[in-house]
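Survey of secondary and tertiary structure
The primary structure of each chain is shown beneath.
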Amino acid sequence: MPNTPNTIERQYQLIDTEKSKEIIQRAMDLAREEIPKGHVATYIPELGRVDPHQLGICIYPLTGEKICLGDYNVRFTMQSVSKVIMLIVALEICGRKKVFEKVGAEPSGEAFDSLVELDMNNDSRPYNPLINSGALAVCGLLLPEVSFQDMLRFSREICSDPGITLNEAVFDSEMKTCSRNRSIAYLLESKGIITTDVEDTLRFYTKMCSLNITAESLANLGKKLANDGVCMKTGKRFMSSRTARIVKTLMLTCGMYDGSGTFAIMVGIPTKSGVGGGLLSVSDKRAGIGVFGPALDAQGNSIAGCKLLREISNVLRLNLFYDPEWNKEDEEEDSVAVDMIEASVGI
Ligand code: GLN
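I will try to describe carefully the structure that is included in this document. Just so you know, the residues in each chain are numbered from 1, in the order the chain's sequence is written. Note on the predicted model: pLDDT of at least 70 is required for a residue's local features to be given, and 80 or more for side-chain atom pairs to be given and counted; whole-chain, interface and lining totals, by contrast, use all residues.

Points about the site of the ligand
For each residue, a C-beta atom is placed from the backbone, and the residue counts as near a molecule or strand when that atom lies within 6 Å of it. Near the ligand you find Gln79, Ser80, Phe112, Asp113, Asn132, Glu174, Asn181, Cys209, Gly274, Val275 and Gly300, and these make up its full shell. Classifying every residue of the shell around the ligand by side-chain character gives 3 nonpolar, 6 polar and 2 charged. Note on residue classes: Ala, Val, Leu, Ile, Met, Phe, Trp, Tyr, Cys and Pro are nonpolar, Asp, Glu, Lys and Arg are charged, and everything else, Gly too, is polar.

Now the structure itself:
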């Protein structure tokens, strides 16, 4: 048996702002190299107008100062990251039983807007709440309970960002081109999963996707999830710790669509992506992280953002399964920032 007396202690070491800033800057430079390999989403025409070269990050440790770099305060649309907020509210208002009567908790292995699997088996429920079909099912539950204004208020509060607004241009643009989501929603109605008005449900879902946020607002949300649903500053509880646990688990297993498994291996931090280029990551008990990088990979995940998180996970030891005994050779393969590891966060 290797002698690893301080495993837990070492896992939860504090993130040192000054040391980390330098490391993260290096990781940003490296991640930027990925941008030319990606593309902004164009199936929502308004998103096609976004500058793909932007990259920003905000890391908000549970104890310590925020670390903000690059385009961390540029506004962009939340897109699928809003599925996390919708799930939190649905679990809190409707309860676990009702939610999982309508939607499963398994990775789909399909694209985020897929509808093939919906009609393939006896279980008519969408695979999970973090893909389009699952989130539309969740919206069907939410619609009789809360208004969009309620959701906007809640989003502002949980993201500690009163500046969140509806991006009307993106909303209009997506409503004109959302035939796939419309098809999914009507299919769900035919199966009795959605019992609310389909067009209203679709509008509610698309509005939530069109909320203008920043990487910093995502870090604020991530920090509350990392702290089991409680705001460190005010002590306000935004969700039960059970809800926080379910959400974080689904982020790890399903948050990156059909890229979730690889991402979990390479990064090991529960994360939810959106085609606006946002990434919400939760390093449990340590930090909330928000990333913005609108150039996307084939799965619709921020290409530079994923690289950035991979580097940061390595150098700040944020991988959920991090073990101090990890073979140095593996690390060298996994990160070019190896030379800075010794200097980072007291390792
Ligand atoms: N609004 C987008 C859609 O429904 C969200 C998808 C995403 O971010 N992956 O297609």
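A look at the pairing of strand β7 (residues 278-283)
Whether a residue is buried, exposed or partly exposed is read from the other C-beta atoms within 10 Å of its own C-beta, which are placed from the backbone; 20 or more gives buried, 12 or fewer gives exposed, and intermediate counts give partly exposed. A helix here means a DSSP run of H or I that spans at least four residues, while a strand means a run of E at least two residues long, and both kinds are numbered starting from the N terminus. Burial analysis of β7 places 6 of its 6 residues in the buried class, which makes it a mostly covered element. Burial of β7 is two-sided: the residues Gly278, Leu280 and Val282 facing one way and the residues Leu279, Ser281 and Ser283 facing the other way are all buried. In the sheet, strand β6 (residues 271-273) pairs with β7 via 3 bridges, with the strands oriented antiparallel. Looking at the pairing, Thr271 lines up with Ser281 of β7. In this scheme, strands are said to pair when DSSP sees at least two bridges between them. Linkage of β6 to β7, two consecutive antiparallel strands, is achieved through a turn of 4 residues, within which Gly277 is found at a positive phi near 105 degrees. Here β7 runs beside strand β8 (residues 287-292); their pairing, made up of 6 bridges, is antiparallel. Bridge assignment links Gly278 to a residue of β8, and that residue is Phe292. Between β7 and β8, which pair antiparallel in sequence order, lie 3 residues; one of them, Lys285, sits at a positive phi of approximately 65 degrees.

Here we look at the sheet that holds β6
A sheet is described by the order of its strands in space; here 5 strands give the open sequence β2-β1-β8-β7-β6, paired in antiparallel fashion. Edge positions in the sheet fall to β2 (67-70) and β6, since each of these pairs with one other strand and no more. Each neighbouring strand pair of the sheet contributes to a mean axis angle of 10 degrees, computed without reference to strand direction. The pairing of strand β1 (residues 56-61) with β2 spans 4 bridges and is classified as antiparallel. Residue pairing for β2: Cys58 is matched across the bridge by Cys68. This entry defines residue contacts through backbone-placed C-beta atoms, with two residues in contact when those atoms are within 7 Å. As a rule, the C-alpha atoms of each element are fitted with a line to give its axis, helices using only the stretch in contact, and angles between N-to-C directions run from 0 to 180 degrees. Against the sheet, helix α10 (residues 215-226) makes contact with β1, β2, β7 and β8, and its axis sits at roughly 155 degrees relative to β8, the strand it touches most.

Notes on helix α8 (residues 179-190)
Each residue after the first adds 1.5 Å to the expected span of a helix. The end-to-end C-alpha distance of α8, which contains 12 residues, comes to 16 Å, matching closely the 16 Å that a straight helix rising 1.5 Å per residue would cover. Looking at α8, one finds that the buried residues are Asn181, Ile184, Ala185 and Leu188. Buried residues in α8, looked at end-on, bunch into an arc of 95 degrees, giving them a common side. Taken together, the buried residues of α8 touch α5 (132-142) and α9 (198-209). Just past α8, the residue Gly192 takes up positive phi, approximately 80 degrees. In this description, one arc is meant: the one made by directions from the helix axis to the C-beta atoms.

Such coordinate-based values are descriptive only and should not be taken to indicate function.
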